[in-house]
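What the coordinates show
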Amino acid sequence: MEKFVSYNPVRIEFGRGACERVGELARQYADHVLLHYGGGSIHASGTYARVTKALRAAGVDYTELGGVRPNPRLSLVREGIDICRRKRIDFILAVGGGSVIDSAKAIAAGTCYEGDVWDFYEGRALPEKALKLGVVLTIPAAGSESSDGTVLTKEEGMLKRSFCSPLCYPQFSILDPDLCRSLPAHQIAAGGADILAHVMERYFSPTTGNELSDQLCEGTMRTLMKELPKVLADQDDTAAWEQVMWTGNVAHNGLLGRGNEEDWASHEIEHELSALYDIAHGAGLAIVFPAWMKYVWREHPGKFMRYAENVLGVTGDDAETMVMQAIAKTEDFFRSIGLAVRLSELKIDDGRFSEMAEKACKGGELGAFRKLVPGDVEEILRLAL
Ligand code: NZQ
Ligand code: ZN
């Protein structure tokens, strides 16, 4: 095992009806909050009404900033920073998915920083102070409700970048499965692919002998693959939503990677795809991950054989046969939930592969399971065609 520090301070309020607690939770931090959300979904689903009612009941005033787009943009973050400074707001309530939460994290850090918030995403500075934030999660997917990361897109050059800081951890995150029922099938599927990918980035590690983490990852992957199809079949299946929501949180709250050198190459490659083509992050991962698997499995075949057997029930003696079957089954799972597994299905060709490969590697190497340079990334993208 690798040495590690385990720290995750996010208070999780889980279960049906948890949404109603948002007022009293927010009230512990502020009497005036920035209420940050996305497009129309929270109005259509009734979540906006539930949240604002609870805030009013607790005597919490709010200034609204909606309009966060999937793959959130820097320009709206600048607007949020301006509002927080002008109105002296010091708590942000993010109601939505990864995009809204990440935008809120950027506003929180940017408001307390004299320079340009984009400095954090370029690695030129690290936040020393940030506003506090709380979350009402409406989609199990990115895991941002429990992570220390934020991912943002700068419109100029369509650069998608991230940074991590302990200051990005929300004070609390509300996970109420009832808020997920209004999700369109494609978002459920893309969210599911992202959850699975968060486990895989930690599981496919060069570290050996970390049995507990391996088993936690395998159980989490099996659970996601079993429960996600249930919510796609019946969006009123509360028991399945509970499992999917909690799985999404466990997949990215840091626990599953403890003691492992984590990979994250597929995420870096996908971020270039969603930056250029504005596709849903999870939809991109369903394409990139199987291609990455095909390219890297020979580096540590035992790990892939273990994945084949313990997650997908593929048995046998020949490593290559087993691994190919496992990758095919992984693709079958993505297809079965309605996702594409090839770039060509999304009408994306090889025209910008070298640009994406260079940008993904940022002048260095990617990943840990196998170290990748731009040439390798291009090969992976070709396998994804
Ligand atoms: O904008 P609205 O109208 O709210 O619609 C959203 C959006 O179109 C919709 N939606 C969300 N909840 C809904 C709903 N529609 C109906 N009913 C509901 N209950 O879903 C769409 C996607 O929302 P988004 O927030 O973009 O999804 P997701 O949670 O997948 O977040 C993706 C973003 O998170 C980043 C990704 O790169 C991407 O930018 N990530 C953030 C991470 C982190 N901070 O730790 C890690 C991840 O690996 C990921 O990179
Ligand atoms: Zn992700």
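All of the points below concern the structure found in this document. (Residues numbered from 1 in each chain as written. Chains lettered and ligands numbered in written order. Predicted model: local features only at pLDDT ≥ 70, side-chain atom pairs only at ≥ 80, totals over all residues. Heavy atoms only, no water.)

**Considering the coordination of the zinc ion (ligand 2)**
- Protein-derived coordination of the zinc ion (ligand 2) comes from Asp194 (OD), His198 (NE2), His267 (NE2) and His281 (NE2), at a distance range of 2.0 to 2.2 Å.
- Each donor residue of the zinc ion (ligand 2) lies on one chain, and together they are spaced D-x3-H-x68-H-x13-H. A residue pair is termed long-range when its members are at least 10 positions apart, and Asp194 in helix α7 (residues 185-203) and His281 in helix α11 (residues 281-296) qualify at 87 residues.
- With a relative accessible area of 16%, His281 lands in the buried category. (Donors = N, O, S within 2.8 Å, 3.2 Å for Na, K, Ca; no water. Helix = DSSP H or I, 4+ residues; strand = E, 2+ residues; numbered from the N terminus. Buried < 20%, exposed > 50% of the residue type's maximum accessible area, 1.4 Å probe, protein only.)

**Thoughts on the layout of surface pockets**
- Taken as a whole, the second largest pocket holds about 160 Å³ of empty space.
- If you go around the second largest pocket, the residues you meet are Tyr7, Pro9, Ala130, Leu131, Lys132, Pro166, Leu167, Tyr169, Pro170 and Gln171.
- Of the residues assigned to the lining of the second largest pocket, the class counts are eight nonpolar, one polar and one charged. (1 Å grid on protein atoms, 1.4 Å probe; cavity = no way out; pocket = protein on both sides within 12 Å on 5 of 7 lines; lining within 4 Å. Points joined across faces, edges and corners; volume = space filled by probe spheres on them. Nonpolar A, V, L, I, M, F, W, Y, C, P; charged D, E, K, R; others polar.)

**Examining the environment of Arg202**
- Take Arg202: it is sitting in helix α7.
- Overall, the relative accessible area of 5% leaves Arg202 in the buried class.
- Those residues within four positions of Arg202 in sequence are excluded, and the remaining contacts are Ala251, His252, Gly254, Leu256, Gly257, Asn260, Glu262 and Trp264.
- A polar side-chain atom of Arg202 sits 2.7 Å from the main-chain carbonyl oxygen of Ala251. (Contact = heavy atoms within 4.5 Å. Polar contact = N/O pair within 3.5 Å; in protein donor to acceptor, adjacent residues only side chain to side chain.)

**Comments concerning the side chain of Thr220**
- Its location among the elements puts Thr220 in helix α8 (residues 211-233).
- At a separation of 2.6 Å, a polar atom in the side chain of Thr220 contacts the main-chain carbonyl oxygen of Leu216.
- When near neighbours in sequence (up to four residues on either side) are disregarded, Thr220 contacts Val199, Thr247, Val250 and Leu256.

**A look at the sheet that holds strand β4 (residues 91-96)**
- If you trace the six strands from one edge of the open sheet to the other, you get β1-β8-β5-β4-β2-β3, paired in parallel fashion. If you trace the sheet from one side to the other, it starts and ends with β1 (11-14) and β3 (61-65), each paired once. Each neighbouring strand pair of the sheet contributes to a mean axis angle of 20°, computed without reference to strand direction.
- In terms of strand pairing, β4 meets strand β5 (residues 132-137) through six bridges, oriented parallel. By the bridge assignment for β5, Leu93 is matched with Gly134.
- Packed onto the sheet, helix α5 (residues 98-111) meets β2 (32-37), β3, β4 and β5 and runs at close to 165° relative to β4. (Pairing = 2+ DSSP bridges. Axes fitted to C-alpha atoms, helices over the stretch in contact; angles between N-to-C directions.)

Read these as layout, nothing more, since geometry by itself doesn't imply function.
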